[in-house]
Each structure stands twice: as C-alpha cells, then as structure tokens.
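Architecture and fold: a report
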Amino acid sequence: MHETPEDLEWLQRLLDDSYARSGDHLRSVINEERRLDAEGVVAEMGNMRVMALATTTAKGEPRVGPVDGLFYRGRLHFGSGANSLRFRHLRARPAVSASVIDGERLQITVHGTASEVRPAEDPGLEAFLVEVYGREAWEGWMRELPWARIDPVRMITFRNPAAAER
C-alpha cells in the first residue's frame, strides 16, 4: 500500500460524494453493503489490474481499450505507446472513464481527467512502477512510455461477495 492517511481520507470523501450524487437506480443496485470503502479499494486494486479505459475521438465517438490500471496514492495510472491513439485522444480531450471489472464480484469505475505524468520526476511513482514491472523492463523500454494519472471527479464501487462463492 502506497497511500498516505491523507490519500485515504481524500479517497473516502470521493467515494462518499460520488455515491451521494448517484441516481436512484444505481443506489438500488449498489446499496451500502455492496460498496467498498477507501481501504477496500486499495486492497482490491493491489498494484495492478487490467482496466478498460475510454477516451473520445475528435468526432466525439467513444473508444475503449484495455490498459494496466496501476493504483498509486489513491489514483489510477496507466501507460501506453508514445504514438498511441489513446494518448493522442487524451492530449486533445483529457476527459476519460475507466473500469476495473472482476466478473460479477467487483467493479470500480472512475470518471475524470487524465493528466500526463513523468515518473522520473516522482521518485515514489517510479519506484512503484519498477516494483510492478521489474527493473529490467522499466529501464529497457517502459521508462520511455508516456504515463498518465486519472484525477477522478467520481468513483463508484461495487462488490458482490456471493459471486466469489460460485
């Protein structure tokens, strides 16, 4: 876990505010017992989960694709190719949505803005990425990739313990 007490406080406020602003239908499906708290999100995310990331084209058409969702300091991070459509989209239109889904057992969805980050300028983030991917991969090619952080304005979580028992 790389989150500070302040990160967890901020994340809990985001989760509570997001749930409070959600509609009746969502609250009927995701009741209080099915929500994750901040510590639960950190525990479920671990270091990395495959995440579906949605960006938009210049015509406003959605595009979704998988990326490594890396949870660090209470926010999701991801990398991609320097010339990837994903980064071209977010550089022009930084609004994104992303979901981590584990069957019927778990769902964590964020809506927010993607901002490019430079791990070399954040020793903690760089150390985390080396921990996840290994020094050889990091120094061999991953360090040169563009990286981004999602600054969420909304995060909704869902857990279904019964689904894990099936």
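Rules used throughout
- Within each chain, residue numbers correspond to sequence positions counted from 1 in written order.
- Per-residue local features of the predicted model are confined to residues with pLDDT of at least 70, and side-chain atom pairs are confined, for both listing and counting, to 80 or more; whole-chain, interface and lining totals are unaffected and use all residues.
- In computing side-chain values, all of the structure's heavy atoms are included and hydrogens and water are not.
- Each residue is placed in one exposure class: buried if its accessible area under a 1.4 Å probe, protein chains only, is under 20% of its type's maximum, exposed if it is over 50%, and partly exposed if it falls in between.
- Secondary structure counts use DSSP, requiring at least four H or I residues in a row for a helix and at least two E residues in a row for a strand, with both numbered from the N terminus.
- Note that the arc is computed from the directions linking the helix axis to the C-beta atoms.
- Contacts are assigned to residue pairs that have any heavy atoms within 4.5 Å of one another.
- Axis lines are fitted through C-alpha atoms, for helices just across the contact stretch, and the angle between N-to-C directions can take any value from 0 to 180 degrees.
- Orientation categories follow fixed angle ranges, with anything under 35 degrees roughly parallel, anything over 145 roughly antiparallel, 65 to 115 roughly perpendicular, and all other angles oblique.
- Under the scheme applied here, ten amino acids are nonpolar (Ala, Val, Leu, Ile, Met, Phe, Trp, Tyr, Cys and Pro), four are charged (Asp, Glu, Lys and Arg), and all others, including Gly, are polar.
- As used here, the term nonpolar core means buried Ala, Val, Leu, Ile, Met, Phe, Trp, Tyr and Cys residues forming a set that is joined through side-chain atoms within 4.5 Å.

**Focus: helix α4 (residues 85-92)**
Along α4, the residues that are buried comprise Arg-86, Phe-87, His-89 and Leu-90. Take α4 and look down its axis: the buried residues cluster within an arc of 160°, on one side only. Along α4, exposed side chains directed more than 90 degrees from the buried face belong to Leu-85 and Ala-92. Where the residues of α4 are buried, they touch β1 (48-56), β2 (62-72), β3 (75-79), β5 (106-117) and β6 (147-159).

**A closer look at the packing of helix α1 (residues 5-20) against helix α3 (residues 38-45)**
In contact at an axis separation of 8 Å, α1 and α3 are set at 105° when each is read in the N-to-C sense. Taken together, the axes of α1 and α3 are roughly perpendicular relative to one another. Counting all contacts with α1, which are made through Leu-8, Leu-11, Gln-12 and Leu-15, the residues of α3 involved are Ala-38, Glu-39, Val-41 and Val-42. Considered class by class, the residues forming the contact of α1 with α3 number six nonpolar, one polar and one charged.

**Some remarks on the nonpolar core**
Core analysis: the largest hydrophobic core is formed by 27 residues, its most contacted members being Leu-11, Val-41, Met-51, Phe-71, Phe-78, Ile-150 and Met-155. Beyond its immediate sequence surroundings of up to four residues, Leu-11 is in contact with Ala-38, Val-41, Val-42, Phe-71, Gly-74 and Met-155. The next biggest cluster of nonpolar side chains, apart from the first, holds eleven residues, and it includes Val-117, Leu-129, Tyr-133 and Met-142.

By themselves, these are just geometric observations and shouldn't be taken as functional.
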